[in-house]
Amino acid sequence: MNIRPATVDDAYTLWEAESATATVPGNLASRPEEISLPEMATRVHTVSQKGCFFVAEHNGPLLGHVLLEPMGLIAIRHVYRLTLVVHPGKTGQGVGTALLQHVQRWAASQADLHKIELNVRATNTTAVRLYSRLG
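Computed from a predicted model, the values in this text were never measured in an experiment.

Draft legend 1. Structural detail: unusual backbone geometry. Even without a glycine there, the phi angle at Asn 59 is positive, about 55 degrees. Considering the arrangement of structural elements, one finds Asn 59 in the loop between β2 (52-57) and β3 (62-70).

Draft legend 2. Just helix α1 (residues 11-22), in detail. Here α1 is twelve residues long and its end C-alpha atoms lie 16 Å apart, about the 16 Å a rise of 1.5 Å per residue gives. The complete set of buried residues in α1 reads Ala 11, Leu 14, Ala 17, Glu 18, Ser 19, Thr 21 and Ala 22. Looking at the buried positions of α1, the neighbouring elements they touch are α2 (37-50), β2, β3 and β4 (79-86).

Draft legend 3. How the structure looks around the sheet that holds β4. Sheet architecture is open: five strands sit in the order β1-β2-β3-β4-β5, paired in mixed fashion. The outermost strands of the open sheet, each flanked by one partner alone, are β1 (2-5) and β5 (115-118). Strand-to-strand twist in this sheet, taken as the mean axis angle between neighbours without regard to direction, amounts to 25 degrees. Sheet topology places β3 next to β4; seven bridges connect them, and they run antiparallel. Paired with Val 66 across the strands is Leu 84, a residue of β4.

Draft legend 4. Summary view of the layout of surface pockets. Put simply, the largest pocket is a space of about 970 Å³. Lining of the largest pocket is provided by 43 residues; of these, Asn 27, Leu 28, Leu 84, Val 85 and Tyr 131 occupy positions nearest its centre. For the lining of the largest pocket, the secondary-structure elements that each account for two or more residues are α1, α2, β4, α3 (95-108) and α4 (125-133). Of the residues in the lining of the largest pocket, the class split is 17 nonpolar, 17 polar and nine charged.

Draft legend 5. Just the nonpolar core, in detail. Leu 68, Leu 100 and Trp 106 are the most contacted members of the largest nonpolar core, which has 23 residues in total. Among the secondary structure elements, those contributing two or more residues to this core are β2, β3, β4, α3 and α4. In this structure, Ala 6, Ala 11, Leu 28 and Val 44 belong to the second largest nonpolar core, which totals 14 residues.

Draft legend 6. Representation of the pattern of salt bridges within the structure. With the rule as written, the count across this model stands at five salt bridges. Between Arg 43 and Glu 18 there is a salt bridge, and its shortest N-O distance comes to 3.9 Å. In this pair, Arg 43 sits in helix α2 while Glu 18 sits in helix α1, placing the two residues 25 residues apart along the sequence. Looking at Arg 43, the relative accessible area reads 24%, which means it is partly exposed. Salt bridges linked by common partners bring Arg 4, Asp 10 and Glu 57 together as one network.

Draft legend 7. Examining the side chain of His 87 more closely. Assignment of secondary structure puts His 87 in the loop between β4 and α3. A polar atom in the side chain of His 87 sits 2.8 Å from the side chain of His 65. When residues no more than four places from it in sequence are discounted, the contact partners of His 87 are Leu 14, Ala 17, Leu 62, Leu 63, Gly 64 and His 65.

Draft legend 8. Molecular detail of the environment of Ala 11. Looking at the secondary structure, you find Ala 11 in helix α1. A relative accessible area of 3% means that Ala 11 is categorised as buried. Sequence spacing of Ala 11 and Arg 43 is 32 residues, and the spatial spacing of their C-alpha atoms is 8.7 Å. Setting aside anything within four residues of it in sequence, one finds Ala 11 in contact with Leu 37, Met 40 and Ala 41.

About the cut-offs
Residues numbered from 1 in each chain as written. Predicted model: local features only at pLDDT ≥ 70, side-chain atom pairs only at ≥ 80, totals over all residues. Heavy atoms only, no water. Helix = DSSP H or I, 4+ residues; strand = E, 2+ residues; numbered from the N terminus. Expected span 1.5 Å × (residues − 1). Buried < 20%, exposed > 50% of the residue type's maximum accessible area, 1.4 Å probe, protein only. Contact = heavy atoms within 4.5 Å. Pairing = 2+ DSSP bridges. Axes fitted to C-alpha atoms, helices over the stretch in contact; angles between N-to-C directions. 1 Å grid on protein atoms, 1.4 Å probe; cavity = no way out; pocket = protein on both sides within 12 Å on 5 of 7 lines; lining within 4 Å. Points joined across faces, edges and corners; volume = space filled by probe spheres on them. Nonpolar A, V, L, I, M, F, W, Y, C, P; charged D, E, K, R; others polar. Core = buried A, V, L, I, M, F, W, Y, C linked by side-chain atoms within 4.5 Å. Salt bridge = Lys/Arg side-chain N within 4 Å of Asp/Glu carboxyl O. Polar contact = N/O pair within 3.5 Å; in protein donor to acceptor, adjacent residues only side chain to side chain.

By themselves, these are just geometric observations and shouldn't be taken as functional.
Shown next as structure tokens:
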């Protein structure tokens, strides 16, 4: 598995994966209709400039993605929001663990990052277990 920075060229695949993941109740806070391709392309570009956006791939296909983006207000820019999505059909393969560990290493190298927040549904027990296990 290779983890690399996301590019705008990945936006279509990321949009498809988030939209499909959001169709399963309890997987994401977002609903499919709240995720658009233009917004995904903008998000990849913007988050990569201010925070980080990584994808996991294996022999070409994307397996998942993770991003940390700073909050918008100056007073809380030291707080970053975490989003992690293991793409449909790729769960149970260590993708989430690899992405979370990768982004934790990136976060540790950022002097202005003091806190990470995430929204996770209590019903998403796989995600809750992953986040609990890796702190």
